[in-house]
Amino acid sequence: VGENPAFFVEHHLADFETFRGRLLARKKISGIKPIKLLRDIEDPYHIRLVVLAPDMTTLENAMGESRLQAHFADKSIFLQPPKIVFAPTNVYP
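Computed from a predicted structure; not experimentally measured.

Now for helix α1 (residues 16-25). Along α1, the positions that sit buried rather than exposed are F16, F19 and L23. Along the axis of α1, the buried residues cluster in a sector spanning 65°; they form a single face. Those residues of α1 that are exposed and aimed more than 90 degrees away from the buried face are E17, L24 and A25. The distance from a side-chain oxygen at the start of α1 to the backbone nitrogen of E17 is 3.2 Å, and the residue carrying that oxygen is D15.

Take a look at the structure:
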């Protein structure tokens, strides 16, 4: 989709609905754009978020920003911090 590769970011959640609501309200951050949410059928609190980013460094820097780190530290939403599990790949419409 566009010129940016897609990355998969794995999340283990305590509260899916709050996570989803905040994700939908979030705008593009530092060139990072979420495009797809993949939810595990057997474990609905285990998800993979597909995001577009110019490169791995940009994604890692965005995830390391203090505002997002504080968000990821919210134990009412996240069981553990997210991690990049697959990168990069091209996504076609």
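Assignment of secondary structure puts E10 in strand β1 (residues 6-13). Since its relative accessible area comes to 9%, E10 is described here as buried. Only 3.2 Å separates the side chain of E10 from the side chain of R48, close enough to count as a polar contact. For E10, the contacting residues outside a window of four places in its chain are H46, I47, R48, P82, K83 and V85.

Let us now look at the packing of aromatic side chains. The way to describe two aromatic rings as a pair is by their centre distance and the angle between their planes. On inspection of all chains with the given rule, the structure shows 2 aromatic pairs. Aromatic pair F19 and F78: ring centres 5.8 Å apart, planes at 90°, arrangement edge-to-face. Taken together, the positions of F19 in helix α1 and F78 in strand β4 (residues 78-89) put the pair 59 residues apart, joining distant regions of the chain. Here the aromatic rings of F72 and F78 are separated by 5.4 Å at their centres, their planes lie at 85°, and the arrangement is edge-to-face. A single burial state applies to F72 and to F78, both of which are buried. Aromatic rings pair up to connect F19, F72 and F78 into one cluster. Lying over the aromatic face of F16, R39 brings its terminal NZ or CZ to 3.5 Å of the ring centre.

So, how was this worked out
Residues numbered from 1 in each chain as written. Predicted model: local features only at pLDDT ≥ 70, side-chain atom pairs only at ≥ 80, totals over all residues. Heavy atoms only, no water. Buried < 20%, exposed > 50% of the residue type's maximum accessible area, 1.4 Å probe, protein only. Helix = DSSP H or I, 4+ residues; strand = E, 2+ residues; numbered from the N terminus. Arc of directions from axis to C-beta. Polar contact = N/O pair within 3.5 Å; in protein donor to acceptor, adjacent residues only side chain to side chain. Contact = heavy atoms within 4.5 Å. Phe/Tyr/Trp six-rings, centres within 6.5 Å; stacked < 30°, edge-to-face > 60°. Lys NZ or Arg CZ within 6 Å of the ring centre and 35° of its normal.

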